[in-house]
Amino acid sequence: MAVEPGTSTPDTLLEIAVRIAREAAATARRTRAEAITDVQTKSTDTDVVTAADRAVERQVVAALAAERPADGVLGEEYGDSAETAAGAVRWILDPIDGTVNYLYGLPQYAVSLAAEVDGVVVAGVVLNPVTGDEWTATLGGGAWRGGRRLTGSLRTTLDQTLLATGFGYDRARRAHQGAVVAELLTRVRDIRRFGAASIDLCLAAEGSVDAYFEKGLNPWDHAAGGLVATEAGLLVSGLDGAPAGPDMVVAAPPAIFGPLHDALVELDAAGGP
């Protein structure tokens, strides 16, 4: 049954997001064996999309349309479904974040679904179909995993920071990102690359890594995970006061954010292709 547009509180939107994301995760997990036989490429020959990416996105869009027909949807595979009026809800979806991991059978991929109102993400869920790990957040309501409220890392110095990051698919961009990481590697405890931005942000939110940064993210990559990290008390933004976006997303506890930010500026991490 369709839900009236007026019932758009963050808690209500999160409830819908969690329910639909769980159904989508079940589809992704169940159909993996068949889906990876139908693999195509997008921006480069290493940037892949499977039949499951598209099937899961269609499933989520249909479920949202049935329940909230007045809302818009921005999805990775099919783009914006409709213009949204002021005050309306737009859902931001990554049907399978970490498609290469999915393709190879690595257990680091996620369904990411967020609800945005007037450009502000107010609810979000990131769900790993393999492990069942589920991270949720509402604007002003905190970030959670399995009933545990998340508060981020207690680390206070960059040299003791376990830093997560990711890389683009364009060769020239990877070369620039590799040079940045090579310099950073001597300034931090270590660096991890898991292959799914939404999960990276949630790991930072729970303190399993201390901080995260990446250039080249789209809204569906960081909408839900970014809210989880923010509500866990991390600072989430771009460089030099810019908002988190394609040029850069940095997520770190306040004590680490400044030193990490300055190092990224020094190394021109937001530059290059």
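Residues numbered from 1 in each chain as written. Predicted model: local features only at pLDDT ≥ 70, side-chain atom pairs only at ≥ 80, totals over all residues. Heavy atoms only, no water.

As for the pattern of salt bridges
Applied cut-off: A side-chain nitrogen of Lys or Arg and a carboxyl oxygen of Asp or Glu constitute a salt bridge if their distance falls within 4 Å. Numbering of helices and strands starts at the N terminus; helices are DSSP runs of H or I of at least 4 residues and strands are runs of E of at least 2. To sort residues, take the accessible area from a 1.4 Å probe on protein chains only and compare it with the maximum for the residue type: under 20% means buried, over 50% means exposed, and anything in between is partly exposed.
On inspection of all chains with the given rule, the structure shows nine salt bridges. Arg-155 is the salt-bridge partner of Asp-210, the closest N and O atoms lying 3.6 Å from each other. Of this pair, Asp-210 sits in the loop between α6 (197-206) and β13 (211-214) while Arg-155 sits in the loop between β10 (148-149) and β11 (162-165), and the two are 55 residues apart along the sequence. Given the relative accessible area of 3%, Asp-210 is considered buried. Overlapping salt bridges, with partners in common, bring together Asp-133, Arg-145 and Glu-206 in one network.

Things to note about the nonpolar core
For soluble globular proteins, nonpolar side chains are generally found buried alongside one another. Test applied: Nonpolar core, defined: a set of buried Ala, Val, Leu, Ile, Met, Phe, Trp, Tyr and Cys residues in which side-chain atoms within 4.5 Å join the residues together. Residues count as neighbours in contact if any of their non-hydrogen atoms are within 4.5 Å of one another.
Formed by 33 residues in total, the largest nonpolar core has its most connected members in Val-126, Trp-135, Leu-150, Ile-199, Tyr-212 and Val-228. If you list the elements that add at least two residues to this core, you get β6 (110-117), β7 (120-127), β8 (134-138), β11, α6, α7 (219-231) and β15 (249-252). The element contributing the most residues to this core is α6, with seven residues. Those residues within four positions of Tyr-212 in sequence are excluded, and the remaining contacts are Leu-163, Ala-164, Thr-165, Ala-197, Asp-200, Leu-201, Ala-204, Leu-217, Val-249, Val-250 and Ala-251. In terms of nonpolar packing, the next biggest core, distinct from the first, is built from 30 residues, Ala-17, Ala-28, Ile-96 and Val-122 among them.

Brief notes about the packing of α6 against α7
We count it as follows: Where helices are involved, their axes are fitted lines through C-alpha atoms of the stretch in contact, as for all axes, and angles between N-to-C directions lie from 0 to 180°. Should an angle fall under 35 degrees it is called roughly parallel, over 145 degrees roughly antiparallel, and 65 to 115 degrees roughly perpendicular, with every other angle called oblique. Residues are sorted three ways: Asp, Glu, Lys and Arg are charged, Ala, Val, Leu, Ile, Met, Phe, Trp, Tyr, Cys and Pro are nonpolar, and all the rest, Gly among them, are polar.
Their axes nearest at 8 Å, the elements α6 and α7 cross at an angle of 5°. One finds that α6 runs roughly parallel with respect to α7. Counting all contacts with α6, which are made through Ala-197, Ser-198, Leu-201, Cys-202 and Ala-205, the residues of α7 involved are Asp-221, His-222, Gly-225, Gly-226, Val-228 and Ala-229. Grouping the amino acids of the contact of α6 with α7 by side-chain chemistry returns six nonpolar, four polar and one charged.

So, the sheet that holds strand β9 (residues 142-145)
As a reminder of what qualifies: Following DSSP output, two strands are said to pair if at least two bridges run between them.
Taken together, eight strands build an open sheet; the order of strands is β4-β3-β5-β6-β7-β8-β9-β10 and the sheet is mixed. Across the chains shown, the open sheet's two edge strands, defined by having one partner strand only, are β4 (79-80) and β10. Across the sheet, helix α1 (residues 10-30) lies against β5 (89-97), β6, β7 and β8, angled at about 30° from β7, the strand it touches most. Sheet strands touched by α7: β3 (72-75), β5, β6, β7, β8 and β9. Its angle to β7, the strand with the most contacts, is close to 95°.

Treat this as a map of the structure, not an account of what it does.
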